[in-house]
Each structure stands twice: as C-alpha cells, then as structure tokens.
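Geometric and topological summary
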Amino acid sequence: MSDQINSLEELKGAVTGTAAAADSVAATLVEVAREPKRDELGRSYATGKRKDAVARVWIKPGSGKVTVNGREMDKYFARPVLQMILRQPFTVAGVVDEFDVMATVTGGGLSGQAGAVKHGISKALQLYEPSLRGALKAAGFLTRDSRVVERKKYGKAKARKSFQFSKR
C-alpha cells in the first residue's frame, strides 16, 4: 500500500508488470490432466439422478445397445421423447452407436428415470473419455437438476393448493 502511483506511465508500468507476473504464474501452473476411470472389464460407472429417480449406469465400447433394468430401451421407454432424451449425450459428444449402456433405475416416474439415465450416461462418458467433458458440460448434461417436488403442507389440498373457500 505504500507504493503510490502518480502518473499514467507509472500505472501502465505497474499493470504490465502484474500481467507479466500473472503470465509466468499461469505458465508454471500445469493444467490438471484428467485420467480415464475404467474398471477391470473396461467399463465406466456413474450414478445419475433426476427428481426421485436414481440410475446406476455402466458404459463400455460396443454397438450402441442400451439396456435399462434388463430390457431394451425401446421396450422400457416406449415414448419417442424419452428415447431421444437418452440419445442426447451421445449426439452432443459425437459418439453415436459407439458405446453399450447397461442401466438400472429405481424411483420416480418414466420422465424422471429417463433424465436420471441421461445424467448417468453423461457422467460415465466423461469418465471413460475425459476429452468429451467440454461438450457435455457446455450442453449442461453434467449438472444435476436439483428441482424436486415440493412437499404437501397440512391444511392444504396439495403443496400450495387450498381447499375451496366457503363464505357461509
């Protein structure tokens, strides 16, 4: 604090000096290289969550077969919208039909379960191949959607809805 800058030239010198110092510090800091995390069978595991649903997801190189709770994706998630949700991480990462997925899902409804599997696939993909992290993170697939159903309050019909008011 004792150094006082009295002119623009001194300010410019101080700023360029700190910028050079910052560049040297940045050069010395080596970016942390992420290592792929795979088990002895060559799979990556991740847990995905959405609403009340929790999905355990394993991915491995393959032909693009997706199995959810022992059934094919088309049988478990019959609606095309839910199937599209499951395919999103692969299309964003550009690895369509390159990985087989085996997932077990519990809790919630079909929409929440599809979101949980999508979250799990995204996390497992970036663990298997760390270079895919940037695309998945930019698309927002690695962020857990924390919105959950609000609890029911006493004296109310639902969380916020009241019973019909009667004046008489």
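Notes on the structure follow.

Time to look at the overall build of the protein. In terms of regular secondary structure, the protein is built from five helices and five strands. Listed by position from the N terminus, the elements making up the protein come as α-β-β-β-β-α-α-β-α-α. Considering only intrachain contacts with a sequence separation of at least 6, the fraction spanning at least 24 residues in the protein is 66%. Carbon and sulfur atoms make up 55% of the accessible area of the protein, which totals about 11700 Å².

Let's shift gears to the layout of surface pockets. It is the rolling of a water-molecule-sized probe over the atoms that shows where space remains empty. One number sums up the size of the largest pocket: a volume of about 240 Å³. Elements with a contribution of two residues or more to the lining of the largest pocket: β1 (44-50) and α4 (110-128). Here the lining of the largest pocket takes four residues from α4, the largest share from any one element. Looking at side-chain class alone, the lining of the largest pocket contains two nonpolar, five polar and six charged residues. Of the pockets and cavities examined, the second largest pocket occupies roughly 180 Å³. Gly64, Val66, Met73, Arg87 and Asp97 are the residues nearest the centre of the second largest pocket, which is lined by 13 residues in total. Elements represented by at least two residues in the lining of the second largest pocket include exactly α2 (73-76) and α3 (80-93).

Let us now look at the packing of α3 against α4. Contact geometry of α3 with α4 gives a least axis separation of 8 Å together with a crossing angle of 10 degrees. One way to sum up the angle between α3 and α4 is to call them roughly parallel. Contacts between α3 and α4 involve Leu82, Ile85, Leu86, Gln88, Pro89 and Phe90 on the former and, on the latter, Leu110, Ser111, Ala114, Gly115, Val117, Lys118, Ile121, Ser122 and Leu125. For the contact of α3 with α4, the class distribution of residues is ten nonpolar, four polar and one charged.

With eight bridges connecting them, strand β2 (residues 53-61) and strand β5 (residues 99-106) associate as antiparallel partners. Following the sheet pairing, Pro61 is matched in β5 by Phe99. Relative to β5, strand β3 (residues 66-68) runs parallel, the two sharing three bridges. Among the inter-strand pairings, Val68 is bridged to a residue of β5, identified as Ala103.

The next thing to look at is the sheet that holds β2. The strand order across the open sheet formed by five strands is β1-β2-β5-β3-β4, and the pairing between neighbours is mixed. At either margin of the open sheet sits one strand with a lone partner, and together these are β1 and β4 (71-72). With respect to the sheet, α4 is in contact with β1, β2 and β5, its orientation differing from that of β1 by roughly 145 degrees.

Moving on, we come to α4. For α4, which comprises 19 residues, the first-to-last C-alpha distance of 26 Å matches the rise-based estimate of 27 Å (1.5 Å per residue) to within 8%. Among the 19 residues in α4, 15 count as buried, and that is most of the element.

Note on strand geometry: in a regular strand, side chains alternate between the two faces of the sheet. The pairing of β1 with β2 spans seven bridges and is antiparallel. Paired with Ser44 across the bridge in β2 is Ile59. Two successive antiparallel strands, β1 and β2, enclose a turn made up of two residues, where Lys51 displays a positive phi of approximately 55 degrees.

For the rest of this paragraph, the subject is the environment of Arg144. Residue placement: Arg144 occurs in the segment after α5 (133-139). Note: C-alpha distance between Arg144 and Gly48 (96 residues apart in sequence) is 7.8 Å. Leave out the neighbours within four places in its chain, and Arg144 touches Lys49, Arg50, Lys51 and His119.

Rules and cut-offs
- Every chain is numbered on its own, with residues counted from 1 as its sequence reads.
- Local features in a predicted model are, by the rule used here, given only for residues with pLDDT of at least 70; side-chain atom pairs are given and counted only at 80 or more, and totals for whole chains, interfaces and linings are based on all residues.
- Only hydrogens and water are removed before side-chain values are computed, so all heavy atoms of the structure are retained for them.
- Numbering of helices and strands runs from the N terminus, with a helix taken as a DSSP run of H or I at least four residues long and a strand as a DSSP run of E at least two residues long.
- What makes two residues a contact is simply this: any of their non-hydrogen atoms within 4.5 Å.
- Note on areas: Shrake-Rupley, 1.4 Å probe, and residue coverage restricted to the protein chains presented here.
- We place a 1 Å grid over just the protein atoms. Points where a 1.4 Å probe fits but has no way out form a cavity, open points with protein on both sides within 12 Å along at least 5 of 7 lines form a pocket, and any residue with an atom within 4 Å of a point lines it.
- Grid points are joined across faces, edges and corners, and a volume is the space filled by probe spheres set on the points.
- Charged residues are taken to be Asp, Glu, Lys and Arg, nonpolar residues to be Ala, Val, Leu, Ile, Met, Phe, Trp, Tyr, Cys and Pro, and polar residues to be all remaining types, Gly included.
- Axis angles are defined between N-to-C directions and span 0 to 180 degrees, where every axis is a line fitted to C-alpha atoms and, for a helix, only to the segment in contact.
- Working definition: roughly parallel below 35 degrees, roughly antiparallel above 145 degrees, roughly perpendicular at 65 to 115 degrees, and oblique for all remaining angles.
- Pairing between two strands is assigned when DSSP locates at least 2 bridges connecting them.
- Here the expected span of a helix is defined as 1.5 Å times the quantity of residues minus one.
- Each residue is placed in one exposure class: buried if its accessible area under a 1.4 Å probe, protein chains only, is under 20% of its type's maximum, exposed if it is over 50%, and partly exposed if it falls in between.

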